[in-house]
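Residue-level listing of the chains:
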Amino acid sequence: MNGDIRKFIFKDLQTVEGYIDPPDALVFLALLQAQNTHGLSGGVAEIGVFYGRSYFLYRKVCGDKEKILAIDLFDIDQSGGETVTQYDRFIENGERLGLPVDQDLVICGDSTQLRPTDITEKIGTTRFFSIDGGHMLHHVTSDSVLALDALAPHGIIAFDDTFNPAWPEVTVGVTDFLRERQDELATLCMTKYKTYVCRKEFHDFYCRVIDEAPDLMAFDHIKTDFLGSKAIRLHNPMARRMVYEMMVRSGMRSLSERVYR
Ligand SMILES: C[S@@+](CC[C@H](N)C(=O)[O-])C[C@H]1O[C@@H](n2cnc3c(N)ncnc32)[C@H](O)[C@@H]1O
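Fair warning: this is a prediction, and the values are worked out from it, not measured in the lab. (Residues numbered from 1 in each chain as written. Predicted model: local features only at pLDDT ≥ 70, side-chain atom pairs only at ≥ 80, totals over all residues. Heavy atoms only, no water.)

(A) Representation of the overall build of the protein chain within the structure. Within the protein chain, the regular secondary structure consists of 10 helices and 9 strands. The C-alpha radius of gyration of the protein chain comes to 17 Å, within 12% of the 18 Å expected for a compact globule of 261 residues. If you line up the protein chain on its principal axes, its C-alpha atoms span 50 × 45 × 35 Å. Classification of the 261 residues of the protein chain by burial places 54% in the buried group. Considering only intrachain contacts with a sequence separation of at least 6, the fraction spanning at least 24 residues in the protein chain is 69%. (Helix = DSSP H or I, 4+ residues; strand = E, 2+ residues; numbered from the N terminus. Rg over C-alpha atoms; globule rule 2.2 N^0.38 Å. Buried < 20%, exposed > 50% of the residue type's maximum accessible area, 1.4 Å probe, protein only. Contact = heavy atoms within 4.5 Å.)

In structure tokens form, the structure reads like this:
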């Protein structure tokens, strides 16, 4: 297991306001490390950075030399006339964690207005593309096509909030997108919050990565049919989630890592 990075995930990353759940952080880790090991190169991009919780995980796993593109409206704290903006807090988090943001690789703006070349001119084609921006149908439709057009042949798209009843249009957008591209794309992994997709040629490879990753052994691996592919659904039992939440709330962040061994 990755002792140092796990400590980062369960302790340091939790100090950044945001949404990545530990199982997904561990999936990101397994997939990015497998790509590193097998020379599957390319940039990393995220639509919907918020304060950088996922972004700093990419930085930690991929290192300083990797090109990581952050795309966000960065307008959340401006509506109330705040003096410290969302963008400022993102930059401050990087400095505090010792992972400074490369500001040449930040796009402040509406992702639905971007063209694939806006991404590839900055970081080349992408090996990992996280979509976690606008959660309405038109956002998801546009962001999905953008991600696919900027994707390396071996690239992975991670969709957030798929099948979350709070965001039904994400579910519609992602399933429409995948159903229309069943000949090209396959789902490799599903968690409570995210759905991970790659080109069909790489499906077996990435499924093996998920199946064999030491950091994912804590989860039940359940084969699930989804739109023509066999995805691995990582089930995280309610009892574990409750223990984890109780530990975090009572200030036992460092120890909470043990719950996921
Ligand atoms: C749920 S948060 C992302 C959480 C983040 N991925 C994390 O790990 O904590 C959604 C983000 O999407 C951004 N967003 C919403 N609509 C957007 C759009 N059209 N273009 C770019 N970013 C957008 C918001 O500003 C917000 O920061």
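(B) Representation of the nonpolar core. Membership of the largest hydrophobic core comes to 58 residues, with the highest contact counts inside it found for L31, F56, F90, F128 and Y196. Ranked by size, the runner-up nonpolar core spans 28 residues in total, among them A45, V170, L185 and M190. (Core = buried A, V, L, I, M, F, W, Y, C linked by side-chain atoms within 4.5 Å.)

(C) Representation of the site of the ligand in the model. In the neighbourhood of the ligand, 19 residues make up the surrounding shell, with G48, S54, D72, D110 and D132 lying closest. Within the contact set of the ligand, a nitrogen atom lies 3.3 Å away from a backbone nitrogen or oxygen of L73. One of the side-chain nitrogen or oxygen atoms of D132 is found 2.8 Å away from a nitrogen atom of the ligand. Within the complex, 89% of the 610 Å² of free accessible area of the ligand lies under protein. Its residues placed into classes, the shell around the ligand shows 5 nonpolar, 9 polar and 5 charged. (Near = heavy atom within 4 Å. Polar contact = N/O pair within 3.5 Å; in protein donor to acceptor, adjacent residues only side chain to side chain. Areas by Shrake-Rupley, 256 points an atom, 1.4 Å probe, with all protein chains shown as cover. Nonpolar A, V, L, I, M, F, W, Y, C, P; charged D, E, K, R; others polar.)

(D) A positive patch on the surface, seen in detail. A contiguous patch of positive charge on the surface is contributed by K7, K11, K60 and R253. On the accessibility criterion, K11 (35% relative accessible area) is partly exposed. (Patch = residues over 30% accessible without salt bridge, like charges linked within 9 Å, V, L, I, M, F, W, Y side chains within 5 Å. Salt bridge = Lys/Arg side-chain N within 4 Å of Asp/Glu carboxyl O. Lys, Arg positive; Asp, Glu negative; His and termini not counted. Charge placed at Lys NZ, Arg CZ, Asp CG, Glu CD.)

(E) Molecular detail of the pairing of strand 8 (residues 220-226). Two elements, strand 8 and strand 9 (residues 229-235), share 7 bridges in a ladder whose sense is antiparallel. Each residue of the ladder has a partner; that of D225, found in strand 9, is K230. What sits between strand 8 and strand 9 in their antiparallel hairpin is a turn of 2 residues, with L227 showing a positive phi close to 45 degrees. (Pairing = 2+ DSSP bridges.)

(F) Just the sheet that holds strand 4 (residues 126-131), in detail. Taken in spatial order, the 9 strands of this open sheet run 3-2-1-4-5-7-6-9-8, and their pairing is mixed. Among the strands making up the open sheet, the edge pair consists of strand 3 (106-108) and strand 8. Taking each pair of neighbouring strands and ignoring which way they run, the sheet shows an average axis angle of 20 degrees. (Axes fitted to C-alpha atoms, helices over the stretch in contact; angles between N-to-C directions.)

(G) Representation of the packing of aromatic side chains. Applying the stated criterion to the full structure yields 20 aromatic pairs. When the ring of F28 is compared with that of F128, the centres are 4.9 Å apart and the planes differ by 65 degrees; the resulting orientation is edge-to-face. Of this pair, F28 sits in helix 2 (residues 22-37) while F128 sits in strand 4, and the two are 100 residues apart along the sequence. Judged by its relative accessible area of 0%, F128 is buried. With a centroid separation of 5.6 Å and 45 degrees between ring planes, the pair formed by F56 and F90 is classed as tilted. Here F56 is found in helix 3 (residues 53-62), whereas its partner F90 is found in helix 4 (residues 86-97), with 34 residues between them in sequence. Its relative accessible area of 0% is what places F56 among the buried residues. Ring-pair connections join several aromatic residues into one group, and the members of that group are Y55, F56, F74, Y87 and F90. (Phe/Tyr/Trp six-rings, centres within 6.5 Å; stacked < 30°, edge-to-face > 60°.)

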